[in-house]
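# Coordinate inspection notes
One-letter residues, chain by chain:
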Amino acid sequence: MQTYDFGSGITVEGSYFYDSRQSPIALYGKISGGRIALCEISDEKEFQRIFVIGSKTPVDTTGCALTLDVTDSGAAGNWSKGTETYPVSLKRIAGLDDTGEGKIDGAVEIPFWAQTATDRFAGVYKNTSAGICMTKMQVIKKLGGKVAQEVIFRDDDVCSAGMLMTPIYMNVEKWIEHGKDVISVNFRGGGAGTTIDYVFDPTTKKYRQKK
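What counts, and where the lines are drawn
Residues numbered from 1 in each chain as written. Predicted model: local features only at pLDDT ≥ 70, side-chain atom pairs only at ≥ 80, totals over all residues. Heavy atoms only, no water. Helix = DSSP H or I, 4+ residues; strand = E, 2+ residues; numbered from the N terminus. Rg over C-alpha atoms; globule rule 2.2 N^0.38 Å. Buried < 20%, exposed > 50% of the residue type's maximum accessible area, 1.4 Å probe, protein only. Contact = heavy atoms within 4.5 Å. Disulfide = S-S within 2.5 Å. Phe/Tyr/Trp six-rings, centres within 6.5 Å; stacked < 30°, edge-to-face > 60°. Lys NZ or Arg CZ within 6 Å of the ring centre and 35° of its normal. 1 Å grid on protein atoms, 1.4 Å probe; cavity = no way out; pocket = protein on both sides within 12 Å on 5 of 7 lines; lining within 4 Å. Points joined across faces, edges and corners; volume = space filled by probe spheres on them. Salt bridge = Lys/Arg side-chain N within 4 Å of Asp/Glu carboxyl O.

### With respect to the overall build of the chain
When its secondary structure is counted, the chain shows one helix and 17 strands. Its C-alpha atoms give the chain a radius of gyration of 17 Å, within 12% of the compact-globule value 17 Å for 211 residues. When its C-alpha atoms are laid out on the principal axes, the chain stretches across 50 × 40 × 35 Å. Residues counted as buried form 41% of the 211 residues belonging to the chain. The contacts of the chain with a sequence gap of at least 6 include a subset with a gap of at least 24, amounting to 39%.

### Concerning the state of the cysteines
Within this structure, the stated rule accounts for two disulfides. Two residues, Cys39 and Cys64, share a disulfide whose sulfurs are 1.9 Å apart. Disulfide Cys39-Cys64: torsion about the S-S bond near -75°, hence left-handed. With Cys39 in strand β4 (residues 35–40) and Cys64 in the loop between α1 (44–53) and β5 (66–71), this pair connects stretches of sequence that are 25 residues apart. For the pair Cys39 and Cys64, a shared accessibility class is recorded, and that class is buried. A sulfur-sulfur separation of 1.8 Å characterises the disulfide bridge that pairs Cys133 with Cys159. Taking the sign of the torsion about the S-S bond as the criterion, the disulfide between Cys133 and Cys159, at about -100°, is left-handed. Here Cys133, found in strand β12 (residues 131–141), pairs with Cys159, found in the loop between β13 (147–152) and β14 (172–177); they are 26 residues apart in sequence, far enough to count as distant. Of the two residues, Cys133 and Cys159, both sit in the buried class. For the chain, the bonded cysteines pair up as 1-2, 3-4 when numbered in the order they occur along the sequence.

### Describing the environment of Lys180
Of note, Lys180 is situated in strand β15 (residues 180–187). Owing to a relative accessible area of 61%, Lys180 belongs among the exposed residues under this scheme. Spatially, the C-alpha atom of Lys180 lies 36 Å from that of Gly106, the residues being 74 residues apart in sequence.

### Some remarks on the packing of aromatic side chains
The way to describe two aromatic rings as a pair is by their centre distance and the angle between their planes. For the structure on display, the rule yields 11 aromatic pairs. Relative to Trp113, the ring of Phe47 lies with its centre 5.5 Å away and its plane at 90°, an arrangement referred to as edge-to-face. Within this pair, whereas Phe47 is found in helix α1, its partner Trp113 is found in strand β10 (residues 108–115), the two being separated by 66 residues in sequence. Pair check on accessibility: Phe47 and Trp113 agree, each one buried. Here Phe153 and Phe187 contribute two aromatic rings whose centre-to-centre distance is 5.7 Å and whose plane-to-plane angle is 80°, an arrangement assigned as edge-to-face. Of this pair, Phe153 sits in the loop between β13 and β14 while Phe187 sits in strand β15, and the two are 34 residues apart along the sequence. Owing to a relative accessible area of 11%, Phe153 belongs among the buried residues under this scheme. In this structure Phe187 comes out as buried when scored by relative accessible area, which is 9%. An aromatic cluster is built from Tyr28, Phe47, Phe51, Trp113 and Tyr169, whose rings are joined through pairwise contacts. Taking the ring centre of Tyr18 as reference, the NZ or CZ of Arg21 above it sits at 5.2 Å.

### Details of the layout of surface pockets
Computed from the structure, the second largest pocket encloses a volume of approximately 480 Å³. Forming the boundary of the second largest pocket are 18 residues, of which Glu44, Phe47, Trp113, Ala114 and Gln115 lie nearest the centre. Mapped onto the lining of the second largest pocket, the elements with two or more residues apiece are β3 (25–32), α1, β10 and β14. When residues in the lining of the second largest pocket are grouped by element, the largest group, four residues, is from α1.

### Concerning the pattern of salt bridges
Side-chain pairs of opposite charge can arise where the charged atoms are in close proximity. The tally for this structure, following the rule as stated, stands at eight salt bridges. In this structure, the salt-bridge partner of Lys81 is Glu40, at a minimum N-O distance of 3.4 Å. Note that Lys81 is positioned in strand β6 (residues 74–81) and Glu40 in strand β4, a separation of 41 residues in sequence. Close ionic contact of Glu150 with Lys136 constitutes a salt bridge, the shortest N to O distance being 3.3 Å. You can see Glu150 sitting in strand β13 and its partner Lys136 sitting in strand β12, a full 14 residues away along the chain. Residue Lys136 is classed as partly exposed on the basis of its relative accessible area of 22%.

As structure tokens, this is what we get:
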């Protein structure tokens, strides 16, 4: 979960997945005191409306599936939809604060919202001598949940990988060109930022930089 004033009344965004499916689910909601209400994004149309275009009126979180009470060590609450209700218990294992000088606690792995039919992507963030940034992107197979590849970012002078977009989960994005998935990694700098694009090479079974 990431807390920030994202506009439209949204003060929390997040990402989670079921271990058995490995498909990231985008979350948005509001925090009031120590209580958080989080709604799940159900499809691409809703994703565009909430995160890309934005709402001119405050987003309504009434009826959100997740309600959590947050403490320093984690959060607890319920996931509820229709007649189904399940308890939720979360343990805080890592944190990233990029305000001021920046601080990282624990091993920070961000599950990006971008995904393909077979893969999801996670960013490993560290506090380097040049600041906080993503030092590598993991390609994780949905079938089995194993890391199949790590794309390393060596940016010693200006630590900028994965630090462009305000929602941290959007610093790796997917788009389609000629029917093929293209994975874009965002970098801070250069005014509007820069991107490096990757495509899957069926010969090597790895993602390679798009030329």
